Protein chains: 2
Amino acid sequence: MAPIAIGIHGGCGTPARELLGEADWAETKAHLEQSLRAAWAILAAGGKALDAVEAAVVVMEDSPHFNAGHGAALTEAGAHELDASIMEGAGMAAGAICAARAIRNPIRAARAVMEKSDCVLLAGDAADAFARKAGLATVPNSYFTTERRRQALASLKARAARGTIAMASEAERHGTVGAVALDAGGTLAAATSTGGFNNKPVGRVGDSPIIGAGTYARNGVCAVSCTGQGELFIRRVVAYDVAARMHYAGQTLEQATDAQIFDVLTGHQIGAGLVAVDAAGHVRAPFNTLGMCRGWIEADGAIHIATHKDVERRGVAARG
Amino acid sequence: MAPIAIGIHGGCGTPARELLGEADWAETKAHLEQSLRAAWAILAAGGKALDAVEAAVVVMEDSPHFNAGHGAALTEAGAHELDASIMEGAGMAAGAICAARAIRNPIRAARAVMEKSDCVLLAGDAADAFARKAGLATVPNSYFTTERRRQALASLKARAARGTIAMASEAERHGTVGAVALDAGGTLAAATSTGGFNNKPVGRVGDSPIIGAGTYARNGVCAVSCTGQGELFIRRVVAYDVAARMHYAGQTLEQATDAQIFDVLTGHQIGAGLVAVDAAGHVRAPFNTLGMCRGWIEADGAIHIATHKDVERRGVAARG
């Protein structure tokens, strides 16, 4: 039977365990599992990797526990600007939106740009207008706001006023969600969605909607979705570099992703993580921070969920 | 003496010779030469590659003969939305703006984003506001309009109405300007600026402001600026792929750029071109269309200018 696999991340800015209550951690993990299972159900039924990564990301966009969709970070102006991208590794088709304000599920809009327009990337109001025209759900900007992000913004503004902004944790600042998948037909896909970071400048676009930086997929090589300080991911073309290391330098997925996270990005002293899958269905999810919400199911169906270093195994998903 | 070099392009959408008068061709070539000489003067005096590529691009942005700054393409709504990016290969720092409407010289704003903000990419109104705050010249959107672009838009809309849009020439549709340089200190830089394409959707962002797609520079490897159908350049991560072929697969600049333009992009049946320079100061400017406005000066100081297949030599620039 051809291998199938799904890998997800909910951002490398996981707060220390003591900063959230047990109920929050339990719900975060439940949503990670729900995301994995939504994607697996599609893959196990012979569905497409593209549908699987979209489904996985939608669950995390709808959850308040991740910085994407509902629960997204707030800009310095106290509003939400959302970025997302999706790529399919067979035809290397891609779609993305940036600085959108009204699309309930940004990843669906990215896919619509890929499938229903001649563009790859649409910015700002045009992205919102396109999503409306494509029949996608739109919402008031306040739909995305949660109390936790409001407090984080207030805390960051206070630190900035006191000049102690450098002490802000990754958890207060960053976050992204993403998914990668391999389907039974051998096609790879990747998807990434984010609200950026708390207190980000209005109009700032990070790596998540940039093909090659935050998202990349190519059949026969790998699919990658990144999380971390987006500016460096753009400058280092991180997602595509993982593929280039494998395709041109013959590195394995493990070598290529470890080199990126632990050599290149750690060398820049930034928090970074990614999830990636290769053409054989091996999933890797390295990170250099305190924790990264993540999960994966490889061909054997074993469900793995984690928020910090330790990994929980939660039974085995059926192949159907 | 350490080698220095400058290479520029004015887009791969050069119209057939008979479509423009002799005076227009003469002025186009004069502006290409002026662009080269502005950059060379900086490099020959021991100046920075970053200053050289900015100076070269500013000349082309100010010229009505190229699709960037004054002379930029018009969107479907009859306005201008400008994209630009710049990258310096020593620290791999980068800056970019997209969908801007009021910045007289978009490449200067890209550089300001790189040097005066924590961002790499700013979109839309925020880019314009940032440029104003950085003290850069802003202009009414109509400053960018030329009669030629107005006619091209009308012609494209007429073709679209008649259903013969596929017959539109590259010249009616695309265009970009860009520059790459090597300075005496061994630093490489690249810069790209564009109005996109005539009749483009509002909010559409192409490859020009995307680091890795339209622009890339890394010391010891190469600097690259691209022109062509931007969506494919994003999907193929073209500028960074040239560097990856050299860095990981040991290809020469000529092998890497020829593979991209004549194998990968021609295989997709799209018009494409680029200008690139390697760490030894070799310049390459391959394209697969009727013509690409371009020019280069390598270490020997010989000035080369071209609009179609044939290349003119215009004397030798002094090293100073």
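Quick summary incoming for the structure in this document. Nothing here was measured: the structure is a model prediction, and the numbers come from that model.

## Focus on the overall build of chain A
Argument step 1. Helix and strand counts for chain A come out as 9 helices and 14 strands.
Argument step 2. A principal-axis box enclosing the C-alpha atoms of chain A has dimensions of 55 × 45 × 40 Å.
Argument step 3. For chain A, buried positions account for 66% of its 320 residues.
Argument step 4. Expressed as a percentage of contacts within chain A between residues at least 6 apart in sequence, the contacts between residues at least 24 apart total 67%.
Argument step 5. Taken together, the 30 basic and 32 acidic charged side chains of chain A have centroids lying 2 Å from each other.

## Overview of the interface of chain A and chain B
Argument step 1. Contacts between chain A and chain B engage 33 residues on the former and 33 residues on the latter.
Argument step 2. Around 2,800 Å² of area is buried between chain A and chain B when both sides are counted, 67% of it from carbon and sulfur atoms.
Argument step 3. When the buried area of chain A at its contact with chain B is split by residue, Leu121, Arg235 and Tyr248 of chain A rank highest and sum to 23% of it.
Argument step 4. The interface formed by chain A and chain B holds 0 salt bridges in total.
Argument step 5. Across the chain A-chain B interface, the total number found is 14 residue pairs in polar contact (both at pLDDT 80 or more).
Argument step 6. Elements represented by at least two residues in the side of chain A that touches chain B include exactly strand E3 (93-100), strand E4 (121-123), strand E7 (204-205), strand E8 (215-218), helix H7 (230-235) and helix H8 (238-249) of chain A.
Argument step 7. Looking at the side of chain A that touches chain B residue by residue, the classes come out as 22 nonpolar, 3 polar and 8 charged.

## Considering the sheet that holds strand E2 (residues 82-88) of chain B
Argument step 1. Read across the sheet, 10 strands follow the order E7(A)-E4(B)-E3(B)-E2(B)-E6(B)-E5(B)-E1(B)-E12(B)-E13(B)-E14(B) without closing on themselves; strand pairing throughout is mixed. What marks the edges here is a single partner per strand, and that holds for E7 of chain A together with strand E14 (311-316) of chain B.
Argument step 2. Strand direction decides the pairing type here: E2 of chain B and strand E6 (residues 188-194) of chain B, joined by 6 bridges, are antiparallel. Considered in E6 of chain B, the bridge of Ile86 of chain B is made with Ala191 of chain B.
Argument step 3. Seen against the sheet, helix H4 (residues 125-133) of chain B touches strand E3 (93-100) and strand E4 (121-123) of chain B and runs at an angle of roughly 110° to E4 of chain B.

## A closer look at unusual backbone geometry
All names here are of chain A.
Argument step 1. In the Ramachandran plot, Met92 falls in the positive-phi region, its phi being about 50° despite a non-glycine side chain.
Argument step 2. Within the secondary structure, Met92 is located in the loop between strand E2 (82-88) and E3.
Argument step 3. Met92 sits in the buried class, given a relative accessible area of 9%.
Argument step 4. Look at Ala99: it is not a glycine, yet its phi comes out positive at around 55°.
Argument step 5. Looking at the secondary structure, you find Ala99 in strand E3.
Argument step 6. Classification of Ala99 by relative accessible area gives buried; the value is 5%.

## Let's talk about the state of the cysteines
Argument step 1. One pass over the full model with this rule turns up 0 disulfides over all chains.
Argument step 2. With no disulfide of its own, Cys119 of chain A has Cys98 of chain A as its nearest cysteine by sulfur position, at a separation of 12 Å.
Argument step 3. Take Cys119 of chain A: its relative accessible area is 6%, and that puts it in the buried class.
Argument step 4. Free cysteine Cys293 of chain B: the closest other cysteine sulfur is in Cys12 of chain B, separated by 10 Å.

## Let's talk about empty space enclosed by the protein
Argument step 1. Under the counting rule described, the total for this entry stands at 4 cavities of 30 Å³ or more.
Argument step 2. Empty space within the largest cavity amounts to approximately 80 Å³.
Argument step 3. When grouped by side-chain class, the residues that make up the lining of the largest cavity number 1 nonpolar, 9 polar and 3 charged.

Each value, and the rule that gives it
Residues numbered from 1 in each chain as written. Chains lettered and ligands numbered in written order. Predicted model: local features only at pLDDT ≥ 70, side-chain atom pairs only at ≥ 80, totals over all residues. Heavy atoms only, no water. Helix = DSSP H or I, 4+ residues; strand = E, 2+ residues; numbered from the N terminus. Buried < 20%, exposed > 50% of the residue type's maximum accessible area, 1.4 Å probe, protein only. Contact = heavy atoms within 4.5 Å. Lys, Arg positive; Asp, Glu negative; His and termini not counted. Charge placed at Lys NZ, Arg CZ, Asp CG, Glu CD. Buried area = accessible area lost by both parts, 1.4 Å probe. Salt bridge = Lys/Arg side-chain N within 4 Å of Asp/Glu carboxyl O. Polar contact = N/O pair within 3.5 Å; in protein donor to acceptor, adjacent residues only side chain to side chain. Nonpolar A, V, L, I, M, F, W, Y, C, P; charged D, E, K, R; others polar. Pairing = 2+ DSSP bridges. Axes fitted to C-alpha atoms, helices over the stretch in contact; angles between N-to-C directions. Disulfide = S-S within 2.5 Å. 1 Å grid on protein atoms, 1.4 Å probe; cavity = no way out; pocket = protein on both sides within 12 Å on 5 of 7 lines; lining within 4 Å. Points joined across faces, edges and corners; volume = space filled by probe spheres on them.

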